[in-house]
Every structure is written in structure tokens, then in C-alpha cells.
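Coordinate analysis (summary)
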Amino acid sequence: MDVNKLIELLRGTTHPSHREEAEKWLRQVHKIIGFAPSLLELVMMTNLEMSVRQAGVIYLKNLVLQFWQQKEQEPWKPALFHIHEQDRAMIRDSIIDATVQAPELIRIQLAVCVNQIIKHDFPGRWTEIVDKISIYLQLPDTSSWMGVIMCLYQLVKNYEYKKLEERGPLHEAMNLLLPLVHQNIIQLLPDHSETSVLIQKQILKVFHSLVHYFLPLDLLPKHIFASWMEVFRAVLDSSVPEAANLVEEDERQDLSWWKCKKWAMRILIRIFERYGSPGKVTKGYREFAEYYLEMFSAGILQVMLKLLDQYCQKIYVSPRVLQQIFHYMNQGIGHAHTWKLIKPHMMEIIKDIIFPLMCYTDDDDEMWKNDPHEYVRWKFDVFREFISPITAVQTLLHSVAKKRKEMLDKTMAFVMPVLTDPSSNPRHKDGALHMLGTVADILIERSDYEDKMETILVTYVYPEFHSHYPYLRASACWLLHYFHKMKFSNDYNLIQAVQLAQHCLIQEKELPVKVEAAVTIQMLILSQEKAQEFIRPQVKTIALELLKIIRETENDDLTNIMQHLVCVFAEELAPIAVEMTDHLVQTFLEKKTVFLDGTDGSTDEKAVTTGILNAIETILSVMEDEKKIMLEVEPYVLHVVGVIFSQNIVELYEEALSLTCSLTCNFISPDSWKVFEMMYLIFQNNGIEYFTDMMPSLHNFIRVDSSTFLSNHNHLLAIYEMCNMVLRGNVGEDAECHAAKLLEVVILQCKGQIDQCIPSFVELVLERLTREVRTSELRTMCLQVVIASLFYNPALLMNTLEKIHLPNVTFSVTSHFIQQWIHDTDCFLGLHDRKLCILGLCTLIAFPPQRPAVIQECAKEIIPSLLLLFDGLRRAYTYLMTGFILWLTRSNSRDDKTQKQRRH
């Protein structure tokens, strides 16, 4: 391969005017033997401009990812391309050297190639990788270490999730390599330069992958493990250069020193949680867990407490490392040995770290004032909770209060003076409210606090709903929703709680307060049955206000709340169902752009848009028996469905089809039939994968409005073509079952009106039965189409069967069908399936004396088959009746309880 020509082609891909032509040439030559090694060669040319080298390494990476593995060749199909073994051998020989020598931008892409090659060739074709890595690790020049450790990381990463019995090649390699890596990191520890710390971090990532799912005790005997633990402790305890503190605080956590500490903490947490917690580990790690707890708890906790002390002294500690420290301590609280070490410091941690972290901060205030929508998004961000130190301290506080009884009393002794003192700093009061809410479920279960909490709420929390500070009003709502399961001894106090939450939702101007109030109302409705009665008079206003803030925010929780309101207060919300639907539709139309091509929408935006469609569907489901409302709502819903289908918003097809199904359950308007046409066009336009989602709606079109369905021949043709494509395609047996079911529905629903279709339907399913059928479900579904045709018109079916010629079937099709049917009688399981089978067998019995010979031959087996089916029906009905009686008993029991409460 001419390297110079290749360089020119790659250079062309970096220029818009030449890109298309260059890429075309590359596609033509990439199969030539020698192409891939030539790419690697030019990538390592230091005299080439970086843009060409980057283009080359990206092309090489894509080539390796797609064509390294030699795929199994299917007969009668064109040969599949893969990189020739000659080229693969050349790349294996040189790629480790290339990765070691490459600059970072190139090295990252080459590491992906190494990963793919290891996946397919190690240990079989590439045992040399271990020796190469070993040689580089033993070089005194540390500049080669980063590249080779990245290669080692790819090796370990390939085995990270494999079963223990499959990790033999890795363990054999690590017997040689792990001691070398340990020597390297020991050598690097005194050096706090960024280059050194980045290599240390990479070594820690290797160790983390090695022990992520299995701790190889044979590789890590006690003295070796102890030396690694000392490494992790030293990394955590190492100082960060003063220059790091000159970087903007928001950017410091991304510095290599803090990332290195983060990986050390990840390893320690993983070892403690999975292997080092007595009573929580598998049998093979029980001895190790006792050893770990006794030997290492004191040293590790000492370093962590030192970092917490630095944080108290306003010395920067990254949020991620803080969160991990709290996570580790949370695990330690449950063990007597570690609790003994933590206990003397716990109240200090609560007062000086947990409490300040739970207080309202300057950053919170700035975000609230400058962008309240972002504040709401940030507060409700599920992913933030996994890495936030605030969430971690809440978990720690909850655990220590629950597992160590005396700590709840001490915490309450600290919190209550802040809460009860009128002169307390408002931000401190906010922290106290958050601490109280964090342990709410424990307080209402403890007998010594249960009776006091209602008084505390009324006396000290309710007044904060009228606070001058909006963040305190929000915190009061947040606190109340965590006490939603509390048993109120005085109904008036519950009424007050409901009214305060309603006021904050309806009258409040601050968006974060309104959102918290909405969540509180939902929780009260869920847990306080009486609260529903207090909310009922205001539920319309609540629903309309909720719709407004759904439009303002990107909070998926709010759409869930709306769905819950509609379900609980269906009767009260019926008069405004149309208005609610209109509002939700307008909100959807505003937010749908996040799904359109070329638009970069966030996960939150997409979740709330999907939530809006789910809320609309909830309204349809609840109001489905109200024909007048459904007729008024229909145009709005059809507009949404039309927009989704016409603008090809593929990610929302499932929701649009679900809306269509809900809309067509009881009646189908002329406008709804336009959706049928759109569904068919989507199916024809590579939409076969959505057939199972279309099935419920297609069933409705056939069942609910059979006359309109039959009035247009194209409707029948569309159904047949869809089923034909599914049953003759390769989309899986689940979709094929749906296709067969749809044909059966057409036959049974249109009896006497589709004679011309029966031969095509029957031939289609019988032809499918001549090919491999993996499940009895598909076989019985196909048989049911023929049985339905027998019930439709026995003479027509018999005539059709005599004319059909199936591949690989040399004997009578009629005989083959009836014998298969009788043989599979025990496979008909559902109520409908058994009934149809019984009707079909009865039809066979009722044939006139001039019946086909095959019926006469099987006559002795028909009655036993019928008895088997009737016995199955009896058992099915008994099971259903038992379930219904159980449900009725429980329902009546709940109703009696409710009536007693109301009378009381």
C-alpha cells in the first residue's frame, strides 16, 4: 500500500471540499492487504501534521472495531470482509510499541484498538502482549509507563465482568505483571508532579478493574494486599500542590490529584463493601472480611478523618472525594469495630460537616435567583444524587440515626434548639429542617418521638410556610412530604398541612416552592386517606396550576403527579378534562423539538415530554367511558399523534401508538381512520419493528368499527400486507404471533364478509408452519387462523386446503393440518384459544356424512381432545373465580374500614 497516497487521502478527509471524494477512495482501498498496517505506520510518523495522524488513527480504530473479527460465513451469501490475518499479525506485533510512543490524542484511540484485539485474540493468537507489557514496565524511563499501563488496563478491562472460571488467562498474566505495577507506583508516590499522578491514577484504574467483581486472593496474599492498602492510604494522604488552589474551585475536582484520590477511594469502597464487611460477604471471603476489618479500618479511617478535618478548616476537598468518604463511613457504621473508631468523631462530623452541607448556601441562592428553572432541575436530578456529598451525608445521617440509637437523641438535641430559636440564622434553620426530614421515617416509628412530632410540625414547621425566605418555604414543603406517613391525632392539623401545601402551590410566586408543594400534595394523597377529601374541593385549581408549572419546568415528577391526580379525582376533573388535555398538548408541542433531527435535547427534557404523553393517556384511560368528553378530547390527541408520525419522531412512536389504542377502545371517528393510514405508511417505511406496538390499535380498528374497516378494500389489503411481511420476514416469533393473531381477529370479526381473503390467510400461516418454529405459542397461533377459517366457513376451508401446495409437504395438506391440530391440543392454553379450539372440533364433528377421509381417521381422537380442552377451561375458570373472590373480599374489607372511619 502506497503510504504517500494514503496520507493524501487522509489529508483530504480533513478538508470539506475534498472529504467526500477522499472517503470514497478510502472505502475502495480499505480491503487491500497491507492497508491497516500502513495506517498504523503513518499514524506514528512524527513529521506528519497532527490532523492527518488523528484522521488515520480514527479510521484505523473503526476498521479494527468493525472488521478485526473473522465472522461466520453464511452459505449462499457474499463473502464477509475481515482484516487479513497477515495484516492482523503485523498490527499485533507493533501496536503496543505504537501506543507507548504515541502522544495522548493518538494513544487514546490506539487503546481502543488494543481492547478489541485482546477481546478476540488473547490468549490464543496474542500471548506476546504479556511479555511486551512486562518489558516496558521494567524500563527505568517512566515516560513509557503511561502507554503500557493503558494497554494493561485494556487487558484487565476485558476480564472485569467475566466469571471466575474464565479469568485464568488474566490471573496467569497478572502473576507476572501485578508486582511490576506495584513497584512502579511505589516509585512514583514521592513524585507529586502531574505526569506522575496521572500514571498513578491509571494504575489505580487497573487495580479497580481487577478487583471489581472478584478479589483474587491467590494474586493478593496478605502481605501483598497490605502493601497495596498502604499505597491507597498514601495516595489519599498525599498533599496537593499549592498551585492547584489557584485554579477556579469548580474546576479543581477535575485536576489529576483529586481524580487520583477519587480512584483510591473507589477501590477502598469496593473492597470494603464487597469483600471486607463481615456478615455481608460470600463464604469464600468470610476470613478475609474479618482480616480486613481488624487490620485496615483504623489506618484508612484516620486518613479520611484527616481529610474531613481539612474540609472543616476550609481547605479544599473535592466534592466527589467527600461523597466517597461519607459512603465508606456509612458502610462502617454497621460494624462494631469501625463504629468504635467513628463514634468519638460522629457528633463533630454532624455539627461541623453534615449540618453545614445541608444548609442553604450562596451557590444555591445564586442559582435560585438567576435561574430558578435550573435550580429545580438540579434539585431533582437523579444522577446528581449518586455523586453528591449532600445526598451522601443524608444517607450517613439516616444510617447512624437508625443503627446507633443514641445518635438520634444527640442529633435531635442539636437540631431542636436551631429550629425553636426565633433568632436562629435562616440558613441554619434550613439545615435543621433538612436534617429533621432526613430522619423523619425513623422519628415516626420511634415510640419516644412518635407523639411529639405532630406538635413539633405544627409549632415549628408550619410557621415556615409563611416565612419571608422562599427557600424556607420550600424546605417546609420538602419536610412535610417526608412526614407524609405520620398518623395525625388531630384532623385539624392534617387539614392545615393540606391547606399550607395548597397555598404554596397555588398562591406562591417562587417556582421551586411550587414544585416542592406539588410533590407534598401527591405524598399526602398517597398516604393520608382523609387528605383526599380535603383536597377534593380544590383539585381543579390544583390540576390547572400543576399544568402551568409542567410547562415551565422540565420535571418528570410533575407529570407523574398529574397522572396520579387524574386517577384519584377522575370525577372531579372530568369537567376540565378537555382543558387539561389542550394544555398538555400545547406543552408537548413546545417541547417536542428536543426529539427532532439536529436538536441536542437533554435526557430531562425528553423524559418530561414522554411524561406529558403518558399524562394525556391517563386522561384517556380514566375518561374512556365518557363518550362526550372523549369526542371533545379526540382532536387534540389526534393532533399530537399526527405530529409524531408526520415528523418521524421515532422515539415517541410507542407513546403515540399507545395514545391511538386508548382513543379507539370504544368508538372510531373518521379522523381516527386517518391514523390507520399513517400507521400503515410507517410500517411500509422500515417501521416493521413497531408492529407489536401497533397491534392493539389495529385490533381496535377491526373490532370496534368493522363496518368501516370492510367498507374500504385497502384496509383489508393493508392488514394482509403487514402480516405477510412479518410472517415471511425475520423479525422474531413474538411479532409473528401478533401477526397470526391479527389475521384470526379479522376472520372472526368479519364472518361471512371476506370469503376472498380466506385462501390467502390460510396459505400464509401454513407456509410459515413449514419453516422452523421454536415456540409452541407461534404454532398454535398459526393453527388458530386455520381453525377460525373452519369456523368461518368449513366448506370454503376444505376447498382451500385441497388447492394449497406447500414446500416440503408431499402428502395432503388437510391431513397434515388436522393431525397437527389434534397433536397440539394440549398447547392451547388461554380461555379464548381453548374455546376456539372446542368450536373448531365441534365443527369437524358436525360435518355431513360426506366428510373428508382424514376427519373419519381422526374421529376417535376428537372426543378425548375435547375433554382435555374442557378440563383446561374448568381449571382456568376456577383460577379466575378464586382470584376474583379474593379481590372482592379485600375490596369489601377496605370499603368497610373506610365507612367506619367516615361514620366515626
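Here the structure is a predicted model, which means the values were calculated and not measured.

As a further point, take the overall build of the protein chain. Along the backbone of the protein chain there are 46 helices and zero strands. For the protein chain, the spread of C-alpha atoms along the principal axes amounts to about 100 × 90 × 60 Å. Residue pairs in contact within the protein chain that sit at least 24 positions apart in sequence constitute 74% of those at least 6 positions apart. Summed over its atoms, the accessible surface of the protein chain is roughly 42,700 Å², and 52% of this surface lies on carbon and sulfur atoms. Placing the 90 positive and 113 negative side-chain charges of the protein chain at their respective mean positions leaves the two points 4 Å apart.

Going through the model one piece at a time under the given rule, you end up with 34 aromatic pairs. Taking the centre distance of 5.9 Å and the plane angle of 75° together, the rings of Phe 35 and Tyr 59 count as edge-to-face. Here the residue Phe 35 occupies a position in helix H3 (residues 35-43), and Tyr 59 occupies one in helix H4 (residues 50-67), the gap between them amounting to 24 residues. Relative accessible area serves as the criterion here: at 0%, Phe 35 is assigned to the buried category. Residue class for Tyr 59 comes out partly exposed when judged on its relative accessible area of 21%. Each ring, one from Phe 272 and one from Tyr 292, has its centre 5.7 Å from the other, and the planes form 35°; the classification is tilted. Of this pair, Phe 272 sits in helix H13 (residues 256-274) while Tyr 292 sits in helix H14 (residues 286-312), and the two are 20 residues apart along the sequence. Residue classification places Phe 272 among the buried positions, given a relative accessible area of 0%. An aromatic cluster is present here, built from Phe 225, Phe 272, Phe 288, Tyr 291, Tyr 292, Phe 296 and Tyr 328 joined pairwise through their rings. If you follow Lys 5 out to its NZ or CZ, it ends over the ring of Trp 25, 5.1 Å from the centre.

Time to look at a nonpolar patch on the surface. A cluster of nonpolar side chains, namely Val 382, Phe 383, Phe 386 and Ile 387, defines an oily patch on the protein surface of about 450 Å² accessible area. Looking at where Phe 383 falls in the secondary structure, it is placed in helix H19 (residues 382-387).

A few words now on helix H30 (residues 556-568). Helix length check: H30, at 13 residues, gives a terminal C-alpha distance of 19 Å against a target of 18 Å (1.5 Å per residue), a fit within 8%. Residues Leu 558, Thr 559, Ile 561, Met 562, Gln 563, Leu 565 and Val 566 constitute the buried set of H30.

The next thing to look at is the confidence of the model for the protein chain. Model confidence for the protein chain is summarised by a mean pLDDT of 91, while 96% of its residues fall at 70 or above. Contacts for the low-pLDDT stretch residues 894-904, under 50 throughout, to residues beyond four places or in other chains number three contacts.

By the secondary structure assignment, Ser 706 is in helix H38 (residues 706-711). When residues no more than four places from it in sequence are discounted, the contact partners of Ser 706 are Phe 701 and Gln 749.

Our next topic: the pattern of salt bridges. For the structure on display, the rule yields 38 salt bridges. The closest approach of N and O atoms between Arg 92 and Glu 85, which form a salt bridge, is 2.5 Å. Given a relative accessible area of 6%, Arg 92 falls into the buried group. According to the relative accessible area criterion, Glu 85 is partly exposed, its value standing at 29%. In this structure, Lys 343 engages Glu 406 in a salt bridge whose closest nitrogen and oxygen atoms are separated by 3.8 Å. In this pair, Lys 343 is assigned in helix H16 (residues 336-358) and Glu 406 in helix H21 (residues 405-420), connecting sequence segments 63 residues apart. Among the charged side chains, a salt-bridge network with shared partners connects Glu 85, Arg 88, Arg 92, Asp 121 and Arg 125.

Scanning the model with the defined rule gives two cavities of 30 Å³ or more in all. Quantified by volume, the largest cavity comes out at close to 90 Å³. The wall of the largest cavity is formed by Leu 189, Asp 191, His 192, Val 197, Gln 200, Val 235, Ser 238, Ser 239, Trp 257, Cys 260 and Lys 261. Residue assignment for the lining of the largest cavity shows that the elements contributing at least two residues are helix H10 (194-211) and H13. Tallying contributions element by element places H13 first for the lining of the largest cavity, with three residues. A class-by-class count of the residues in the lining of the largest cavity yields five nonpolar, four polar and two charged. Approximately 40 Å³ is the volume found for the second largest cavity. Glu 624, Met 630, Ser 662, Leu 663, Thr 664, Cys 665, Asn 666 and Phe 667 together form the lining of the second largest cavity.

Turning our eyes to something else, we now look at the environment of Ile 542. By the element assignment, Ile 542 lies in helix H29 (residues 539-552). The sequence separation of Ile 542 and Leu 494 amounts to 48 residues, and the corresponding C-alpha distance is 18 Å. Those residues in contact with Ile 542 that sit more than four places away from it in its chain are Gln 502, Leu 505, Ile 506, Ile 521, Ile 535 and Leu 565.

The subject of this paragraph is the environment of Ser 423. Note on placement: Ser 423 falls in the loop between H21 and helix H22 (426-438). Judged by its relative accessible area of 61%, Ser 423 is exposed. A polar atom in the side chain of Ser 423 sits 2.8 Å from the side chain of Asp 421.

Once that is clear, we can look at the layout of surface pockets. By volume, the largest pocket is sized at about 1,300 Å³. Lining of the largest pocket is provided by 29 residues; of these, Glu 249, Pro 319, Leu 357, Asp 363 and Pro 389 occupy positions nearest its centre. Breaking the lining of the largest pocket down by element, the ones donating at least two residues are helix H12 (249-252), H14, helix H15 (319-332), H16, helix H17 (362-370), H19 and helix H20 (389-403). The element that contributes the greatest number of residues to the lining of the largest pocket is H17, accounting for five residues. In the lining of the largest pocket, the residues fall into 15 nonpolar, four polar and 10 charged. Approximately 1,100 Å³ is the volume attributed to the second largest pocket. Here the lining of the second largest pocket takes six residues from helix H25 (residues 470-482), the largest share from any one element.

A surface patch of negative charge is lined by Glu 248, Glu 249, Asp 250, Glu 251, Asp 254, Asp 363 and Glu 366. Only H12 and H17 provide two or more residues apiece to the negative patch. Residue position: Glu 366 is located in helix H17. For Glu 366, a relative accessible area of 49% puts it in the partly exposed group.

The subject of this paragraph is the side chain of Ser 144. Within the secondary structure, Ser 144 is located in the loop between helix H7 (128-137) and helix H8 (145-159). A polar atom in the side chain of Ser 144 sits 3.1 Å from the backbone oxygen of Asp 141.

Here Ser 646 shows up in helix H34 (residues 627-646). Between the alpha carbons of Ser 646 and Glu 736 there is a distance of 27 Å; along the sequence they are 90 residues apart. Within polar-contact distance, the side chain of Ser 646 engages the backbone oxygen of Gly 642 at 2.7 Å. Only 3.4 Å separates the side chain of Ser 646 from the backbone oxygen of Val 643, close enough to count as a polar contact.

What follows is about the packing of H15 against H16. Direction vectors running N to C along H15 and H16 enclose 140°, while the axes themselves pass 11 Å from each other. Accordingly, the angle class assigned to the pair H15 and H16 is oblique. In this structure, the crossing between H15 and H16 has a hand that is left-handed. Contact residues: Phe 326, Met 329 and Gly 332 in H15; Thr 338, Trp 339, Ile 342, Ile 349, Ile 353 and Leu 357 in H16. Along the lines of polarity and charge, the residues of the contact of H15 with H16 split into seven nonpolar, two polar and no charged.

Parameters and conventions
- Residues numbered from 1 in each chain as written.
- Predicted model: local features only at pLDDT ≥ 70, side-chain atom pairs only at ≥ 80, totals over all residues.
- Heavy atoms only, no water.
- Helix = DSSP H or I, 4+ residues; strand = E, 2+ residues; numbered from the N terminus.
- Contact = heavy atoms within 4.5 Å.
- Areas by Shrake-Rupley, 256 points an atom, 1.4 Å probe, with all protein chains shown as cover.
- Lys, Arg positive; Asp, Glu negative; His and termini not counted.
- Charge placed at Lys NZ, Arg CZ, Asp CG, Glu CD.
- Phe/Tyr/Trp six-rings, centres within 6.5 Å; stacked < 30°, edge-to-face > 60°.
- Buried < 20%, exposed > 50% of the residue type's maximum accessible area, 1.4 Å probe, protein only.
- Lys NZ or Arg CZ within 6 Å of the ring centre and 35° of its normal.
- Patch = residues over 30% accessible without salt bridge, like charges linked within 9 Å, V, L, I, M, F, W, Y side chains within 5 Å.
- Salt bridge = Lys/Arg side-chain N within 4 Å of Asp/Glu carboxyl O.
- Expected span 1.5 Å × (residues − 1).
- pLDDT = per-residue confidence, 0-100.
- 1 Å grid on protein atoms, 1.4 Å probe; cavity = no way out; pocket = protein on both sides within 12 Å on 5 of 7 lines; lining within 4 Å.
- Points joined across faces, edges and corners; volume = space filled by probe spheres on them.
- Nonpolar A, V, L, I, M, F, W, Y, C, P; charged D, E, K, R; others polar.
- Polar contact = N/O pair within 3.5 Å; in protein donor to acceptor, adjacent residues only side chain to side chain.
- Axes fitted to C-alpha atoms, helices over the stretch in contact; angles between N-to-C directions.
- Parallel < 35°, antiparallel > 145°, perpendicular 65-115°, else oblique.
- Left-handed = near helix turned anticlockwise from the far one by under 90°.

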